[in-house]
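# Residue-level structure breakdown
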Amino acid sequence: MATEHRDGPVWPPLIEAIPSASGAGLDRVFCDDALLVVTGWVAGTGTLRVEGDDGRLEPDLCVHVARPDVAAAYDFPVSVQGFLLGFRLTHLRQSETLRIVASVGEQTRDGWVSTLPAERLERDLGRILGEYAAARAPLFDIVLDMPRHLAILARSAVPSTAPGAPQGHMEILKSVPGAGGLCVGWTLGEGPFFLIDENGLCQPLEAPERWNRPDIFDAFIADYGAACADAGFLQALPAGFGCRARLIALHGDTLVLAHERDVEPAPRDAVGYARWAFSFPVPPERMAARFSRHDGAVLKTLINRIEHPKNTWVERAGIVPAQPEVSIVVPLYGRYDFVDHQLLEFAEDPFIRKRCEVIYVVDDPTIRAPVFANLDTWWQLYGVPLTLVWGGRNRGFSGASNLGLSQAQGRQVLFLNSDVIPTRSGWLEDLSRRLDDHSDYGLLGTRLLFPSGGVQHDGMVFEYNGKYGVWLNQHPGKGLPPLSATAGQIVPWPAATGACLLGDRAEVAALGGFSEDYLIGDFEDSDLCLKMQAAGRSVGVCPDIALTHLERQSFGLQGSGDFRMRVMLFNAWLHQERWRPAIERHSVTDAGAAA
């Protein structure tokens, strides 16, 4: 339905007797539950004001303009001052009554705003803004928390061709409904700048990520000088950002429209979103700050939205012990050729073959068919009872490990990487007994060695990286020859790797297993260790029990280089957001002793 406009003043103006030197006129009144806008004019001694229950109300906004049209129409010998008065009504009492009063000499005309005839009220705030362009920028701060009015105000902004005026462009504007998104583009000139959607949802460009744009610098250096540097920007969009947006700038008393465009859909899958979002040229050392200010919350929302299929496919070969001592849970992703190497060692270990269950969790649809086809062959070759589990999609290390945990029947559970190979029989029985004998420990890890014999893992510490602004997990002694180890020894550490980690199954399950909030991989193991310690139990490593770890043989399939680095930085940021006090406490009390 088209908006109905009315013409003519609300009241006939008050004019002083001839020769006229004073007057007052009320042109338009816009009023709703949040905002009152009054426009009119005065000349000479004429006044026009708004009163509340306690007397005159001071306007939150007062904009003056010249009205030569009125001076000419009424032959005023003095200048006529037009004005717009704006009043925020949100802080007034609901019972407050508002009255508009015009006075010229002894003449007075007044009326209650609530009793003005509907046909005399202005229904279109945009029409008033069209007549009073000078009020657009000053009104901005008043309606910033009033989306309905802010949307109208944003639609009134116009481009500016004045030298040095703000300019900008939204090159990328993508969002996921209910999660948020990103705007990437460039701006020039002094702002401030704002992104405003068609519903008035506003995102200020208060602290966008910035970088230099040589193309913009070269094109505008003559007009903007050194201010062309760092014109590129990245700004997060809030959840619920609408279908069309305007890039608005405040420039003195002018509301400038820099650009407008439709919002496009961003990838809804967390990994897909990350691959897209991480491609923008924010340097790695500023990624942690970016996650805090921009799209960290979006990624967390998308990760939490992941829904796993409800169906689980399970096949077994051999007879699994009725009450296993340990359930060995091994995720398989990308490669499954290491299964033969593990099973060859498991077959030589009576404790594993007779008293444990081995669960391989297929976490890659591309290997599902060959892995399940090999089940009977592996059983016939190695004689180790096997369970294969497929959860319908790739879940990552945490999700696959948790799926295996949900199927496990053992008293204890061992999380083991597919590229970790035992070097002797009896190692798991020793580790299991040691956990039983030390009730203060909730999780035990082992020493892991590179094939060359150097240390890959002997325990983990947290180390602050000043360059990237995050706490990282470090393996002291990595690559060095292993130190001598005492038989039966447990060394306490802040954390241990999930590549080989033993705990009580029920206790680990009660803690929720591995957190599935991390992207692809990294930090899930230290997260579980910190959860265990928060529950009052310790974490340790048994250095006299050593296995070979080929380390991350399938990790490159998830991405490498710059993307992988940024994934690691996101997980580090999330890890410290969750555990910063505990991490910092460990860095003071444990890191020096452990190292």
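With that settled, consider the nonpolar core. Counting 68 residues, the largest nonpolar core has Leu182, Tyr273, Phe278, Leu443, Val470, Leu519 and Phe570 as the members making the most contacts within it. The biggest single contributor to this core is helix 17 (residues 561-589), with 10 residues. Not counting chain neighbours up to four residues away, the residues in contact with Phe570 comprise Phe278, Phe291, Gly296, Leu299, Lys300, Ile303 and Leu519. Counting 42 residues, the second largest nonpolar core, distinct from the first, contains Val330, Leu332, Phe351 and Ile367.

Two measures define how a pair of helices packs: the angle their axes make with one another and the distance between the axes. For the pair helix 6 (residues 270-277) and helix 8 (residues 296-304), the least separation of the axes is 9 Å and the interaxial angle reads 155°. Between helix 6 and helix 8, the interaxial angle falls into the category roughly antiparallel. In contact with Ala270, Tyr273 and Ala274 of helix 6, helix 8 contributes Val298, Leu299, Leu302 and Ile303. Taken together, the residues that form the contact of helix 6 with helix 8 break down as 7 nonpolar, no polar and no charged.

Another aspect to go through is helix 6. Each α-helix turn comprises 3.6 residues. Residues three or four places apart therefore point the same way. What helix 6 keeps buried is the set Ala270, Tyr273, Ala274, Trp276 and Ala277. Down the axis, helix 6 shows its buried residues gathered within 165° of arc, on one side only. One side-chain oxygen at the N-terminal end of helix 6 lies 3.1 Å from the backbone nitrogen of Val271; it belongs to Asp269.

With that settled, the discussion passes to the sheet that holds strand 8 (residues 99-104). With respect to topology, 4 strands assemble into an open sheet ordered 5-4-8-9, the strand pairing being antiparallel. Looking at strand neighbours, the two that pair on one side only are strand 5 (55-56) and strand 9 (107-112), the edges of this open sheet. Summarising the sheet, strand 8 and strand 9 pair through 6 bridges and their orientation is antiparallel. Looking across to strand 9, one finds that Ala102 is bridged to Arg109.

On to the sheet that holds strand 16 (residues 244-251), then. The sheet built from 4 strands is open, its strands ordered 13-12-16-17 with antiparallel pairing. Taken across any chain shown, the strands that pair with only one partner, and hence form the sheet edges, are strand 13 (202-204) and strand 17 (254-262). The sheet shows a mean angle of 25° between the axes of neighbouring strands, direction not considered. The sheet contact formed by strand 12 (residues 193-197) and strand 13 spans 3 bridges and is antiparallel. Looking at strand 13, one finds that Leu195 is bridged to Gln203.

This model, assessed by the stated rule, comprises 37 salt bridges. Between Arg213 and Glu171 there is a salt bridge, with the nearest N and O atoms lying 2.9 Å from each other. Pair noted here: Arg213 is in the loop between strand 14 (209-211) and helix 5 (214-224) and Glu171 is in strand 10 (residues 167-176), with a separation of 42 residues, a long-range link. On the basis of relative accessibility, which here comes to 13%, the residue Arg213 falls in the buried class. Residue Asp430 is joined to Arg424 by a salt bridge in which the shortest nitrogen-to-oxygen separation is 3.2 Å. Through salt bridges that share partners, Arg355, Arg424, Glu429, Asp430 and Arg433 make up one connected network.

Attention shifts here to the confidence of the model for the protein. Of the residues in the protein, 95% have a pLDDT of 70 or more, and the chain-wide mean is 92. Between residues 1-5, whose pLDDT stays under 50, and residues either more than four places distant or in other chains, the model counts 5 contacts. Contacts for the low-pLDDT stretch residues 590-595, under 50 throughout, to residues beyond four places or in other chains number 6 contacts.

This paragraph deals with helix 12 (residues 375-382). Taken as a whole, helix 12 has its buried residues at Leu375, Trp378 and Tyr382. Along the long axis of helix 12, the arc covered by the buried residues comes to 65°, so they all point the same way. Of the residues in helix 12, the exposed ones pointing more than 90 degrees away from the buried face are Gln380 and Leu381. Tucked inside the fold, the buried residues of helix 12 contact strand 19 (313-317), helix 9 (338-347), helix 11 (368-373) and strand 22 (386-390).

Here the second largest pocket defines a volume of roughly 360 Å³. Contributing elements (two or more residues each) for the lining of the second largest pocket: helix 6, helix 8 and helix 13 (396-407). Take the lining of the second largest pocket: its biggest share by element is 4 residues, from helix 13. Residues belonging to the lining of the second largest pocket are distributed by class as follows: 8 nonpolar, 7 polar and 6 charged.

This model, assessed by the stated rule, comprises 0 disulfides. With no disulfide of its own, Cys183 lies 12 Å from the sulfur of Cys202, the closest cysteine sulfur. For the unlinked cysteine Cys356, the closest cysteine sulfur is that of Cys500, found at 12 Å.

Take the packing of aromatic side chains next. For the structure shown, the criterion picks out 16 aromatic pairs. Each ring, one from Phe278 and one from Phe291, has its centre 5.8 Å from the other, and the planes form 55°; the classification is tilted. Taken as a pair, Phe278 in the loop between helix 6 and helix 7 (287-293) and Phe291 in helix 7 lie far apart in primary sequence, 13 residues in all. With respect to burial, Phe278 and Phe291 carry one shared label: buried. Ring centres 5.8 Å apart and planes at 40° place the aromatic pair Phe570 and Trp573 in the tilted group.

Conventions we followed
- Residues numbered from 1 in each chain as written.
- Predicted model: local features only at pLDDT ≥ 70, side-chain atom pairs only at ≥ 80, totals over all residues.
- Heavy atoms only, no water.
- Core = buried A, V, L, I, M, F, W, Y, C linked by side-chain atoms within 4.5 Å.
- Buried < 20%, exposed > 50% of the residue type's maximum accessible area, 1.4 Å probe, protein only.
- Helix = DSSP H or I, 4+ residues; strand = E, 2+ residues; numbered from the N terminus.
- Contact = heavy atoms within 4.5 Å.
- Axes fitted to C-alpha atoms, helices over the stretch in contact; angles between N-to-C directions.
- Parallel < 35°, antiparallel > 145°, perpendicular 65-115°, else oblique.
- Nonpolar A, V, L, I, M, F, W, Y, C, P; charged D, E, K, R; others polar.
- Arc of directions from axis to C-beta.
- Polar contact = N/O pair within 3.5 Å; in protein donor to acceptor, adjacent residues only side chain to side chain.
- Pairing = 2+ DSSP bridges.
- Salt bridge = Lys/Arg side-chain N within 4 Å of Asp/Glu carboxyl O.
- pLDDT = per-residue confidence, 0-100.
- 1 Å grid on protein atoms, 1.4 Å probe; cavity = no way out; pocket = protein on both sides within 12 Å on 5 of 7 lines; lining within 4 Å.
- Points joined across faces, edges and corners; volume = space filled by probe spheres on them.
- Disulfide = S-S within 2.5 Å.
- Phe/Tyr/Trp six-rings, centres within 6.5 Å; stacked < 30°, edge-to-face > 60°.

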